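# Remarks on the overall topology
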2 protein chains.
Amino acid sequence: MTTEQDRGEARCNQVLDAAATCFRQRGFHGASMAELARAAGMSVGHIYHYFENKEAIIAAIVERDVAEILALLDSLHDEEDILQALIREAGNEMEESPCSDEALQVEILAEASRNPKVAVTVHEGDRRARTRLAETIASGRARRGLPPLADLEARTEIIIALFEGLMLRRIRHPKAVDDATIAVLRSTLHTLLET
Amino acid sequence: MTTEQDRGEARCNQVLDAAATCFRQRGFHGASMAELARAAGMSVGHIYHYFENKEAIIAAIVERDVAEILALLDSLHDEEDILQALIREAGNEMEESPCSDEALQVEILAEASRNPKVAVTVHEGDRRARTRLAETIASGRARRGLPPLADLEARTEIIIALFEGLMLRRIRHPKAVDDATIAVLRSTLHTLLET
């Protein structure tokens, strides 16, 4: 049973990776289910077995992204200093994220701004990620003996805006993320998290 | 002559406004030249008289956005305290920008991440806006007697990431921009510009 479940999950991930590549290259509307199938090395019927339509695929990609963010945030609770770990990880994520990430994210945003179903998926994923980040910041401050923040939600929002904004900046300015920018990112996060 | 030029410019702007609406609603690829013509209240031939294709329309929209940013930055030089004026205007722009702005911006970003011609237009516009912002910050600091910044370019990049990121946040979180977020935006800008 578990092996079959694992196999199903692996197949789903195979579809999501192929879809991510197709959406990046051809856009959400430009990429057909037939192209996705070809890229995933499966039949179209097989893909429909896992996903009803392209919207369901976007929903699964968003869900996978959120799960990754939640797992990363949860792992920080094992560290002695959660706030320092957050600052370190934000810079690392920015340095290490593949250059194609922003092309997929912007495709999801474009579709969410036009398609109410995708918008609901994106709003719900964002709510979960943002709530967990706020909780992580609150825990980190408590562990350091820093006072609770009256503007915790607003600071969380600005931190996400900064992170997502810098990621997307690479589209307008391919050299936006360099060592100097990462240093300013980290010092800005220090002010937002530790003061 | 000038009247005819003015009329031409007004017609161009009419096309750009119609195109912006169509791109927002249907996406860059979803919107046809025929639809743009209908929305602008012109014939398709008339539109082609001004713009060779949809890429030329996106280029003109980007150009108009850059011109607006440069005009705003230049106007700040008349103020006694340029840095304070920048912080004030950043918050005002964020509060006042229509909710549909991010849908058009994300459409331009999506196309730029796939279409090398649009990418060149976007890179060049960004270079001009970012250079002028860095110059404005340097002038503002000099006028206040603050020392020049070794990391001026990196701080400028982070400021733009923050501003553009918060604008796009409204797609994932429609209530992202409220009074509390604007307050944190302003205090973050204070740290980046005035320290």
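Residues numbered from 1 in each chain as written. Chains lettered and ligands numbered in written order. Predicted model: local features only at pLDDT ≥ 70, side-chain atom pairs only at ≥ 80, totals over all residues. Heavy atoms only, no water.

### Structural notes on the overall build of chain A
What chain A contains, in helices and strands, is 9 helices and 0 strands. Taken from N to C terminus, the helices and strands of chain A fall in the order α-α-α-α-α-α-α-α-α. Principal-axis analysis of the C-alpha atoms places the extent of chain A at approximately 55 × 45 × 30 Å. Evaluated residue by residue, chain A yields a buried proportion of 49% over its 195 residues. Within chain A, contacts between residues separated by at least 24 positions form 71% of all contacts whose residues are at least 6 apart in sequence. Working note: accessible area of chain A is about 9,300 Å², and carbon and sulfur atoms make up 52% of it. Each charge class in chain A was averaged separately, 23 positive and 33 negative side chains, and the resulting centres sit 4 Å apart. (Helix = DSSP H or I, 4+ residues; strand = E, 2+ residues; numbered from the N terminus. Buried < 20%, exposed > 50% of the residue type's maximum accessible area, 1.4 Å probe, protein only. Contact = heavy atoms within 4.5 Å. Areas by Shrake-Rupley, 256 points an atom, 1.4 Å probe, with all protein chains shown as cover. Lys, Arg positive; Asp, Glu negative; His and termini not counted. Charge placed at Lys NZ, Arg CZ, Asp CG, Glu CD.)

### Observations concerning the UniProt feature "domain: HTH tetR-type" (unreviewed entry) in chain A
In this structure's numbering, the residues bearing the UniProt feature "domain: HTH tetR-type" (unreviewed entry) are residues 9–69 of chain A. Helix makes up 80% of residues 9–69 of chain A and strand 0%. Its end C-alpha atoms lie 19 Å apart. (UniProt positions renumbered as here; feature names shortened; annotations may be inferred.)

### A closer look at the domain arrangement of chain A
Residue and element names in this part refer to chain A. When its domains are assigned, chain A resolves into domain 1 (1–51) and domain 2 (58–194). For domain 1 and domain 2, the distance between their C-alpha centres works out to 27 Å. Taken together, the 11 residues of domain 1 in the interface contact 10 residues of domain 2. Of the roughly 990 Å² buried between domain 1 and domain 2, counting both surfaces, carbon and sulfur atoms make up 65%. Considering only the surface of domain 1 that becomes buried against domain 2, Leu16, Arg24 and Phe28 emerge as the three largest contributors, covering 56% of it. Taken together, domain 1 and domain 2 are joined by 1 salt bridge. For Arg64, the salt bridge identified is with Asp17, shortest N-O distance 2.8 Å. Between the two partners, domain 1 and domain 2, sit 4 residue pairs in polar contact (both at pLDDT 80 or more). The residue inventory of the side of domain 1 that touches domain 2, partitioned by class, reads 6 nonpolar, 3 polar and 2 charged. (Domains from an automatic or database assignment. Buried area = accessible area lost by both parts, 1.4 Å probe. Salt bridge = Lys/Arg side-chain N within 4 Å of Asp/Glu carboxyl O. Polar contact = N/O pair within 3.5 Å; in protein donor to acceptor, adjacent residues only side chain to side chain. Nonpolar A, V, L, I, M, F, W, Y, C, P; charged D, E, K, R; others polar.)

### Details of the packing of helix 9 (residues 179–194) of chain A against helix 9 (residues 179–194) of chain B
Where helix 9 of chain A meets helix 9 of chain B, the axes come as close as 11 Å, and the angle between the chain directions of the two elements is 130°. One finds that helix 9 of chain A runs oblique with respect to helix 9 of chain B. As for how helix 9 of chain A packs across helix 9 of chain B, the hand of that crossing is right-handed. Between helix 9 of chain A and helix 9 of chain B, the residues in contact are Val184, Thr188, Thr191 and Leu192 of chain A and Val184, Thr188, Thr191 and Leu192 of chain B, respectively. Taken together, the residues of the contact of helix 9 of chain A with helix 9 of chain B break down into 4 nonpolar, 4 polar and no charged. (Axes fitted to C-alpha atoms, helices over the stretch in contact; angles between N-to-C directions. Parallel < 35°, antiparallel > 145°, perpendicular 65-115°, else oblique. Left-handed = near helix turned anticlockwise from the far one by under 90°.)

### What about the interface of chain A and chain B?
Between chain A and chain B, the residue contacts involve 43 residues of the former and 43 residues of the latter. For the pair chain A and chain B, the summed buried surface comes to about 3,700 Å²; carbon and sulfur atoms form 64% of the total. Interface area lost by chain A to chain B is led by Ile158, Arg169 and Arg172 of chain A, which between them contribute 20%. Between chain A and chain B we count 10 salt bridges in total. A salt bridge links Glu164 of chain A to Arg172 of chain B, with the shortest nitrogen-to-oxygen separation between them at 3.4 Å. At the boundary of chain A with chain B, the tally comes to 18 residue pairs in polar contact (both at pLDDT 80 or more). Take the side of chain A that touches chain B: its biggest share by element is 14 residues, from helix 8 (residues 152–172) of chain A. For the side of chain A that touches chain B, the class distribution of residues is 21 nonpolar, 10 polar and 12 charged.

### Let's talk about the relation of the copies chain A and chain B
Each copy superposes on the other: chain A lies on chain B with an RMSD of 0.0 Å after a rotation of 180° and an axial shift of 0.0 Å. Considering both components of the superposition, the chain copies are consistent with a two-fold axis. Closest approach to the rotation axis among the C-alpha atoms of chain A is made by Gly165 of chain A, whose C-alpha sits 1.8 Å away. Take the interface residues of chain A: 100% of them recur as interface residues in chain B, which is what a same-surface contact looks like. (Least-squares fit on C-alpha atoms with pLDDT ≥ 70 in both.)

### Quick notes on the environment of Arg64 of chain B
Residue and element names in this part refer to chain B. Note on placement: Arg64 falls in helix 4 (residues 54–76). Looking at Arg64, the relative accessible area reads 24%, which means it is partly exposed. Counting along the chain gives 51 residues from Arg64 to Asn13, while the straight-line C-alpha distance between them is 9.2 Å. The contacts of Arg64, once residues within four sequence positions are left out, are Asn13, Leu16 and Asp17.

### Some remarks on the packing of aromatic side chains
A complete count under the given rule lists 2 aromatic pairs over all chains for this structure. Seen from the ring of Phe28 of chain A, Lys54 of chain A lies directly overhead, with NZ or CZ sitting 5.0 Å from the centre. (Phe/Tyr/Trp six-rings, centres within 6.5 Å; stacked < 30°, edge-to-face > 60°. Lys NZ or Arg CZ within 6 Å of the ring centre and 35° of its normal.)

### Quick word on the UniProt feature "DNA-binding region" (unreviewed entry) in chain A
Mapped onto the present numbering, the UniProt feature "DNA-binding region" (unreviewed entry) falls at residues 32–51 of chain A. Across residues 32–51 of chain A one finds 75% helix and 0% strand; the C-alpha atoms that close the span lie 13 Å apart.

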